[in-house]
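# A structural walkthrough
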Amino acid sequence: MMRQMRNILIGLFCLAAIVTGCQANETSSGQPNQAASSASSASGKGAETSLLRIGWQDGGFPSPFAFSASGPGGFLRNSFLFDTLTWKDEQGVIPWLAKSWEVSDDGLVYTFELEQGVKWHDGQDFTADDVVFSFAYYKQHPFMWTGDVSLIKDVQKIDEHTVRFVLHQKYAPFLSDLVGIVPVIPQHIWENVDKPLEFREPAALVGTGPYLLKEYDEASGQYLFEANENFFKGDVVVKQIAYLNVQNRVLALQQNEIDAGMVMNYREVEMMQKEGFDVIKSAPTGSAVRVTFNLEHPQLKDKRLRQALAYALDREEMARKLTGGEPMVGNAGIIPPDSPWYNDKVKQYAYDPEEAKRILDELGYPANAEGVREALRLNVMVSSTSQEAQMMQEMLKKVGIELNIQQVDAATFAAAMGENKYDMAITGHIGLSGDPDFLRLWFLGKASNTLAARGKTFDHPQFQKLAEEQMSELDPAKRKAIVDEMQNILADELPTLVLYHRPFYFLHKKNQFAGWFNTYGGIADGIPLWDNKGAFVDDRS
């Protein structure tokens, strides 16, 4: 069955290539033929595009319970099929399945008026019962992404198109990070499903979203979505979207195998711009590459050692070499400088090897005649070849620290992180420019991403107290002050050290589709990518 599906999918992609790409491949220059590289003459929102081919890796079976949570792809593919009460665009939170809402004075009750006339993909009516059912079901079977439904005390049906949420406590990012993330599912399908992770029938993908999944090839990790012609928010202007799991996105763009794709290498961006591609840079950056310290390590549990390491690393040089463009050195308080939640007064660690040596001497790690601090040998774990680790090795060597690079496969890496069996690890994260509640999730052990140290807690009572306070503070200014103090603590304690904030770049061609935009604070809980389903819907229709 799976082989048959794969063959069908390959056939569809080949057909698409015949329609869209062959003429480009036949050009003598070998460059993509802009007129032929897409079956569209679309130029922006509202103009129809028949097919977009986007480069990305597999995100798993896109039901709300089976997609992969190891990266944003699974969540985004799921969001094409399923809708939430709210969503986000360039400006912030917008109505989606809920067309309006009211909040009680005490911040504990949200009453949503739902859109009317909404149909599930199978033609059934969407009603308030589906909303009530969904959040009850998620308490038994958690959604694969973030969105803490345990904060919800009750969901009540007021009438067919009105629901009321009652919270256990005030939750400042409720609209963006809970009902803007957790999708509504059809009661008439899921009420009969006891094992949602194993439910892989076509009905598992019935949502209200702007797309239906036409094909998914599990072996190759490729998808083909087809527009929902009855979508309630408006016309879906991109009729088909294919996600192709190509090995090299730049090469695939040059060879007209895909129409758009994200890259991180600025040199490639400069090269592709010269070849006629358009580029969007993630703004705000929303991403970071960081060193996670094992706080149970007998030596690294001392924050003075972590501070010495911070002084010993020339992170500005690292950012300049690895990101190009305008390097953004990692904030010791974690939140990127281009976020409205950034504390510009937080303690930083400018490159100062002499200060690093002074602290190391003070800690009792003397250098021998060869300049090596024999009592301090550390490991850094990585899951792939890491330029960051190699640069760290050279930089730490200058202050007498021998750093061993441990490269392991992804599964071993995740297991070691989960079991705290490492000294230091280098990880990349997104979501840093969304709501600052991510700091609570990371450091109170509630992050869904295992690489954010799920299940482990930063043992700092004052930080924990502030983390709980900020989530319930509805006054933005007062909440900002609390988040500022959290950053001060993180910068002093350094449970993690952000090496640099990593910009993403999206390569595309405006003449194929010009509706791409940066979502305010990132899609959902801060995903700094561009496949926001709102870009493909003309809500003026």
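Residues numbered from 1 in each chain as written. Predicted model: local features only at pLDDT ≥ 70, side-chain atom pairs only at ≥ 80, totals over all residues. Heavy atoms only, no water.

A separate point is the packing of aromatic side chains. Any aromatic ring pair is given by two values, namely how distant the centres are and how the planes are angled relative to each other. Applying the stated criterion across every chain, the model contains 43 aromatic pairs. Centre to centre, the rings of F112 and F165 are 5.5 Å apart; their planes meet at 80°, and the pair counts as edge-to-face. One end of the pair, F112, is in strand β5 (residues 109–114); the other, F165, is in strand β7 (residues 162–167), with 53 residues separating them in the sequence. Note on F112: relative accessible area 0%, which makes it buried. In this structure F165 comes out as buried when scored by relative accessible area, which is 0%. With centroids separated by 5.7 Å and ring planes inclined at 45°, the aromatic side chains of Y266 and Y505 adopt a geometry described as tilted. With Y266 in helix α8 (residues 266–274) and Y505 in strand β19 (residues 505–508), the pair connects residues that are 239 residues apart, well separated along the chain. Overall, Y505 belongs to the buried group, its relative accessible area being 3%. Just above the ring of Y243 sits the side chain of R77; from NZ or CZ to the centre is 3.6 Å. (Phe/Tyr/Trp six-rings, centres within 6.5 Å; stacked < 30°, edge-to-face > 60°. Helix = DSSP H or I, 4+ residues; strand = E, 2+ residues; numbered from the N terminus. Buried < 20%, exposed > 50% of the residue type's maximum accessible area, 1.4 Å probe, protein only. Lys NZ or Arg CZ within 6 Å of the ring centre and 35° of its normal.)

Now for helix α15 (residues 461–472). Note that an α-helix has 3.6 residues per turn; residues three or four places apart therefore point the same way. Its twelve residues give α15 an end-to-end C-alpha distance of 17 Å, which sits within 8% of 16 Å, the value for a rise of 1.5 Å per residue. Within α15, the full set of buried residues consists of F463, L466, A467, Q470, M471 and S472. On its buried side, α15 packs onto α14 (438–443) and α16 (476–493). (Expected span 1.5 Å × (residues − 1). Contact = heavy atoms within 4.5 Å.)

Glancing now at helix α11 (residues 353–362). Here α11 has its buried residues at A356, I359 and L360. Angularly, the buried residues of α11 cover 100° about the axis, an arc narrow enough to put them on a single face. Seen from the buried face of α11, the exposed residues on the opposite side, beyond 90 degrees, are E354 and E362. Looking at the packing, one finds that the buried side of α11 touches α9 (303–312). At the C-terminal side of α11, G364 shows a positive phi close to 90°. (Arc of directions from axis to C-beta.)

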